[in-house]
Amino acid sequence: MSATQTSDVPTLLVKIFGKDRPGITAGLFDTLAAFSLDVVDIEQVVTRGRMVLCALVTHPPQGLEGELRATVHSWAESMRMQAEIISGTGDNRPRGLGRSLVTVLGHPLTAEATAQVTARITKAGGNIDRIFRLAKYPVTAVEFAVSGVETEPLRTTLVTEAAALGVDVAVVAAGLHRRAQRLVVMDVDSTVIQDEVIELFAAHAGCEAEVAEVTAAAMRGELDFEQSLHARVALLAGLDASVVDKVRSEVRLTPGARTLIRTLKRLGYQVGVVSGGFTQVTDDLKERLGLDFAQANTLEIVDGKLTGRVTGEIVDRAGKARLLRRFAAEAGVPLSQTVAIGDGANDLDMLNAAGLGVAFNAKPVVRQAAHTAVNVPFLDTVLYLLGITREEVEAADTLDERLLGRAADEEH
């Protein structure tokens, strides 16, 4: 009888555990092959060099179960492993409706936080089907496959309490869309880079205090973004255009930014940035990082001097969301397959419009409004929210290094 017809027939769960070494899996199934069994399910986990291998197989022909048990235990003993064989009926129980992937990031990930997260999954009506570690550094990232509860209520339950638990939690629906091509759009200031570009320009113009005062007024709600932008840029009037190159050289990428973008591009994702800053910096970032899209405000330069004005379409809070939709249309990616990353209130519309909005080291109001939050200073941790493991990132980097080395050897 085939494994697809085992819902009501006797089956055996064969569990092998002990020190991991090559040949254990092959040896077990070679042992089972003598009994003409069908394989229904297999699962293997290795943690700190200790393995647990589970094989769900159809029941052997009548009268052979005792011999099978003895043979498996004898083989396991010869391999210095332990064996457990459990009789039962059928396959795994069907998973409940509603399937989600819950990614938990901890720096560190404590036992207490893990207990709280898993307890809340259970309380929401979910069942944890599988657990998989995505990364062990610079953060610990673990993914839970959960069934039995719809994604939105599970997200509401977990994400709203994540900060109190001291972890970052992302909840997305499971399914083929997880592997589909995506568009990732990021804010620039305090997201892709560590700096605020207007402040870098202000430092060269000697008006840092005045710019800071206007920024504070905007944060108090006394000015909207466009008003504050014009007021701050006006303070730069007369600055020599050569300062643009100086500011570009002063920009500091956020740790993990290159890794994030490089990995996304390898996967065939399209990546863009939108900024309330200036094209004089974002155009340079686009070229340096190989971005597909970049849009920001443009400082007007006449006769080699900044005029204190901006030209063209203003990129503000609404503008960022509008650009996200424009980039998605140009990329041929549904809005539901977009990821937006930002840190400020100016990013909220974009974060809410995206399929997945990630608040990166953001202010509390942004963290509460976004789909999920990352509160560690490494931008590449966003990869884990997309189901990409640290090992996959490092393997791709190693392969590229080998290919580059081979190409260099061929040139010489």
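Each chain carries its own residue numbering, running from 1 in the written order of its sequence. Thresholds applied to this predicted model are a pLDDT of at least 70 for local features of residues and 80 or more for the giving and counting of side-chain atom pairs; totals over whole chains, interfaces and linings are not thresholded and use all residues. Where side-chain values are given, they derive from all heavy atoms of the structure, hydrogens and water being excluded.

(A) Focus on the nonpolar core. Buried residues of nine kinds, namely Ala, Val, Leu, Ile, Met, Phe, Trp, Tyr and Cys, make up a nonpolar core once their side-chain atoms join them within 4.5 Å. Relative accessibility under 20% of the residue-type maximum defines a buried residue, over 50% an exposed one, and the middle range a partly exposed one, all with a 1.4 Å probe and only protein chains included. Among the nonpolar cores identified, the biggest contains 62 residues, and Met186, Phe201, Phe278 and Ile341 are the most heavily contacted of them. The biggest single contributor to this core is helix α5 (residues 197-205), with 5 residues. Leave out the neighbours within four places in its chain, and phenylalanine 278 touches Val197, Ile198, Phe201, Leu229, Val233, Ala296, Asn297, Leu299 and Val310. Counting residues in each nonpolar core, the second largest holds 22 residues, with Val315, Ala340, Val366 and Ala373 among its members. The helix and strand labels rest on DSSP assignments: H or I over at least four residues marks a helix, E over at least two residues marks a strand, and numbering proceeds from the N terminus. Note on definitions: a residue-residue contact is assigned when non-hydrogen atoms from the two residues lie within 4.5 Å.

(B) Up close: unusual backbone geometry. At the junction of histidine 107 and proline 108, the peptide bond is cis and its omega measures out at 10 degrees in the coordinates. Looking at the secondary structure, you find proline 108 in the loop between β5 (99-106) and α3 (111-123). The omega torsion across tyrosine 137 and proline 138 is 0 degrees, close enough to zero to call that bond cis. Relative to the helices and strands, proline 138 resides in the loop between β6 (127-135) and β7 (140-147). In this model, aspartate 303 sits at a positive phi of 55 degrees, which is unusual for a non-glycine residue. Relative to the helices and strands, aspartate 303 is located in the loop between β11 (293-302) and β12 (305-311).

(C) Main features of the packing of helix α1 (residues 24-33) against helix α2 (residues 65-78). Interaxial distance between α1 and α2 falls to 10 Å at its minimum, and their mutual angle equals 155 degrees. Relative to α2, the element α1 is oriented roughly antiparallel. In this structure, α1 crosses over α2, and the sense of that crossing is right-handed. For the pair α1 and α2, contact is made by Ile24, Gly27, Leu28, Thr31 and Leu32 and by Leu68, Thr71, Val72 and Trp75, respectively. By residue class, the composition of the contact of α1 with α2 is 6 nonpolar, 3 polar and no charged. Here an axis means a line fitted to C-alpha atoms, over the contact stretch when the element is a helix, while the angle between two N-to-C directions is reported on a 0 to 180 degree scale. Throughout, the term roughly parallel applies to angles under 35 degrees, roughly antiparallel to angles over 145, roughly perpendicular to angles from 65 to 115, and oblique to all others. Should the near helix be turned anticlockwise from the far one by less than a right angle, the crossing is left-handed, and should it be turned clockwise, the crossing is right-handed. In the scheme used here, Gly and all other residues not listed as nonpolar or charged are polar, with Ala, Val, Leu, Ile, Met, Phe, Trp, Tyr, Cys and Pro taken as nonpolar and Asp, Glu, Lys and Arg as charged.

(D) Representation of the sheet that holds strand β8 (residues 168-173) within the structure. Two strands qualify as a pair provided that DSSP identifies no fewer than 2 bridges between them. The 4 strands lie next to each other as β6-β7-β5-β8, forming an open sheet whose pairing is antiparallel. Every other strand in the sheet has two partners, leaving β6 and β8 as the edge strands with one partner each. Within the sheet, the average angular offset between the axes of one strand and its neighbour, ignoring direction, is 20 degrees. Of the strand pairs in this sheet, β5 and β8 are connected by 6 bridges, and their pairing is antiparallel. Bridging from a neighbouring strand, threonine 103 pairs with alanine 170 of β8. Contacting β5, β7 and β8, helix α4 (residues 151-165) crosses the sheet at an angle of about 170 degrees to β8.

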